[in-house]
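Spelled out from the first residue to the last, the chains are:
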Amino acid sequence: MFFSTRLLLLAIAVEVTTGAPFLGTIVGREKQLAEEYDYVIVGGGTAGLTVANRLSENPAINVLVLEAGIPDHKEGIAVLQRYLGGTMKTIYDWNITTVPQTFLGTTNSVQNLTIGKVLGGSSILNGMMFDRPSPQDINAWEELGNPGWDWQGLLPYYKKSETFTPPSPEHIAQFGITWDPAVHGTDGYIQSSYPNYIYPQNRNFQDAMISLGIKQSKDQAGSAIGAFWSPNSIDPVNQTRSSSRSGYYDKFAKRANLHALTSRHVTRLLTKQSADSVTIVGVEYVEEGKETIKLVVKAKREYILSAGTVHDPQILQLSGIGPRKLLDKYNIKVTVDLPGVGNGFQDHPYGSLILKLSNVFPSPIDMETNATFDAEQKALYYKNRTGTWTAGSPNSVAFLPLVNYTDASAAILSSYASQTTSDHLRVGLDSTVIAGFAKQREVLLRHLATTKMASMEMIWLSGANRRYQMPFSFSIQHPFSRGFIEINSTNPFVQPLVDLRTASNPVDLDLFVQALKFGRKVVKTPAIQKLGPTELQPGSDKVTDEELREYVRGSIRTMFHPVGTSGMMPKRLGGVVDSRLRVHGVRNLRVVDASIIPLIPASHLQSTVYAIAEKAADLIKEDQY
């Protein structure tokens, strides 16, 4: 069982009251903690460990990370591509479930939302895609009132977080993978590379897209539009997962000024209110299994909330920071009336054409159904880190602007534009939140009519799917639906209400219908026909728009990319944090994680979350020194 000595000792130390001077070492002080830290970070996930690392680079700055989960044991499900998805519904997963999604079918109404409850957070659980959004996706954030948050302002931090390893000469020859060194990092803490094995049928998808007039991007890291080969967060030497824990913590755990306490559940932030400001004066938390014993830790400089899109709003609301109507409902004293907390919830819903390919071997599913093959691949992996055990995450994808996959783009955007701002939004939203959505709507309508912002992702193959040989998946990148997350109890151990409100805006279903139609065109190309495809779901008998719409309603699910519940926008637009990630109305509190993303980007999220955290660390240093 893998635990570092440091983490074990810290787990013991939290039981006692604080008050000892900061000695800078764990040895000999199992029952002592510092009286105060410079920074207390709530959440040791993708963003939290990144910020903790950067702030503790200065040995005079003391940093404490409180994490609800435990460290993983470096077992196969946590580090190997072969077992991608194996951490879901385990001790490393918060095992969040949504409320019934009333706009979907009965079979997929209540959905699981996988998020990490482990040191390293969702970087331990995710699909290891390490792609970036297009520049226009990030530029849109600045247009929402966030100076400095455009592509040029974030690109240096994408690069800072990454060490990119180009594809092997064999993969260049076989697949034609290209890249642009100018947009990649070479000395960051997260490894970005390609697996030693790429399934050959991935090339067929790229060829199919080209035959339909879709351009290939030279490198998604600088231009994520069209078809391209995506790298993964995988160590190129040992072919294991590269996570915030392996990159930003493990190699730095011996820093005397960096502490991480695991199995610590934060219950609320303690506040002090004066005539013109609110100040956080402590973090209240408990040790797992000892929920009746409330402990408090304090920071001299700032508190940083990095508990994630689901738990940030829960902690804020329980602390009296949130929508007045909600706080009054639970008799929580309103410290800051901030209507945007928990609203603006976005995700990437996805659905699939399920295919069977008769002329293909191997596929990821063969490791599940063919024990002999799996044993052979296991032997290859442990002999020289080759074979299908190194593959798992998608590598062959396409991010398509609306005009690239449907002739109905103008009609779809017109249908969306004809809605009033509050149509299909949750009833009873504050006027500032509605104003923020109106601004987002304006930005989306403008950019989705161009070829510079992707509307749909198409994924050809994923090793995380163990049910089908060939799932051909589609994911809306800029859904028009908006959900919410809010407390339904004053008990911090009760899961908050999580409502994606998937497909609450019917235009999202129109987008899926068009994606399915285009997907069938892809399957009919000579490149895919070589593989011998048969459509299993929805089935060739489903041809009308209404039949496809009903299939979508009954099959789409979350892609586990939750964002937006602490949106970075001006307060007048329902924002929760400003462009320096400071919570509106609070002196010494910032939020740093995916919850601050005001408009979900067309990409998988982890590389962007690392970039946000790297930028946040610099903002904090600028403001404090």
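Summary of the structure given here.

This part is about the sheet that holds strand E24 (residues 589-591). One open sheet holds the five strands; their spatial order is E8-E2-E1-E12-E24, and the pairing between them is parallel. Unpaired on one side and paired on the other, strand E8 (258-261) and E24 mark the two borders of the sheet. The mean angle between the axes of side-by-side strands here comes to 20°, regardless of whether they run parallel or antiparallel. As defined by bridge partners, strand E1 (residues 37-42) adjoins strand E12 (residues 299-305) across five bridges and the pair is classed as parallel.

Quick look at the pairing of strand E18 (residues 456-459) now. What you see with E18 is no split at all: Met 456 and Met 458 on one side and Glu 457 and Ile 459 on the other are buried throughout. Where strand E17 (residues 396-400) meets E18, four bridges bridge the pair, whose relative direction is antiparallel. Its bridge partner lying in E18, Ala 398 is registered against Met 458. Bridge analysis of E18 against strand E19 (residues 470-476) gives four bridges, and the strand direction is antiparallel.

Our focus in this paragraph is the pattern of salt bridges. Overall, the coordinates contain 36 salt bridges when judged by the stated rule. Across the pair Glu 368 and Arg 82 runs a salt bridge, and its minimum N-O distance is 2.8 Å. In this pair, Glu 368 sits in helix H11 (residues 366-369) while Arg 82 sits in the loop between helix H3 (76-79) and strand E3 (96-97), placing the two residues 286 residues apart along the sequence. The exposure class of Arg 82 is buried, given its relative accessible area of 5%. Residue Asp 541 pairs with Lys 542 through a salt bridge whose shortest N-O separation is 3.2 Å. One salt-bridge network, held together by shared partners, links Glu 302, Asp 578, Arg 580, Arg 582, Arg 590, Glu 622 and Asp 623.

Here the focus is the nonpolar core. Note that soluble globular proteins tend to have their nonpolar side chains buried in a common cluster. Met 458, Trp 460, Phe 472 and Leu 589 are the most contacted members of the largest nonpolar core, which totals 151 residues. Looking at which element gives the most residues to this core, the answer is helix H16 (residues 507-523), with 10 residues. Ignoring anything within four residues of it in the chain, the contact list for Leu 589 reads Leu 269, Ile 280, Tyr 303, Leu 305, Leu 316, Ile 321, Leu 581, Arg 582 and Val 583. Within the second largest apolar cluster, 10 residues are counted, among which are Ala 224, Phe 228, Val 397 and Ala 454.

The rules we used
- Residues numbered from 1 in each chain as written.
- Predicted model: local features only at pLDDT ≥ 70, side-chain atom pairs only at ≥ 80, totals over all residues.
- Heavy atoms only, no water.
- Pairing = 2+ DSSP bridges.
- Helix = DSSP H or I, 4+ residues; strand = E, 2+ residues; numbered from the N terminus.
- Axes fitted to C-alpha atoms, helices over the stretch in contact; angles between N-to-C directions.
- Buried < 20%, exposed > 50% of the residue type's maximum accessible area, 1.4 Å probe, protein only.
- Salt bridge = Lys/Arg side-chain N within 4 Å of Asp/Glu carboxyl O.
- Core = buried A, V, L, I, M, F, W, Y, C linked by side-chain atoms within 4.5 Å.
- Contact = heavy atoms within 4.5 Å.

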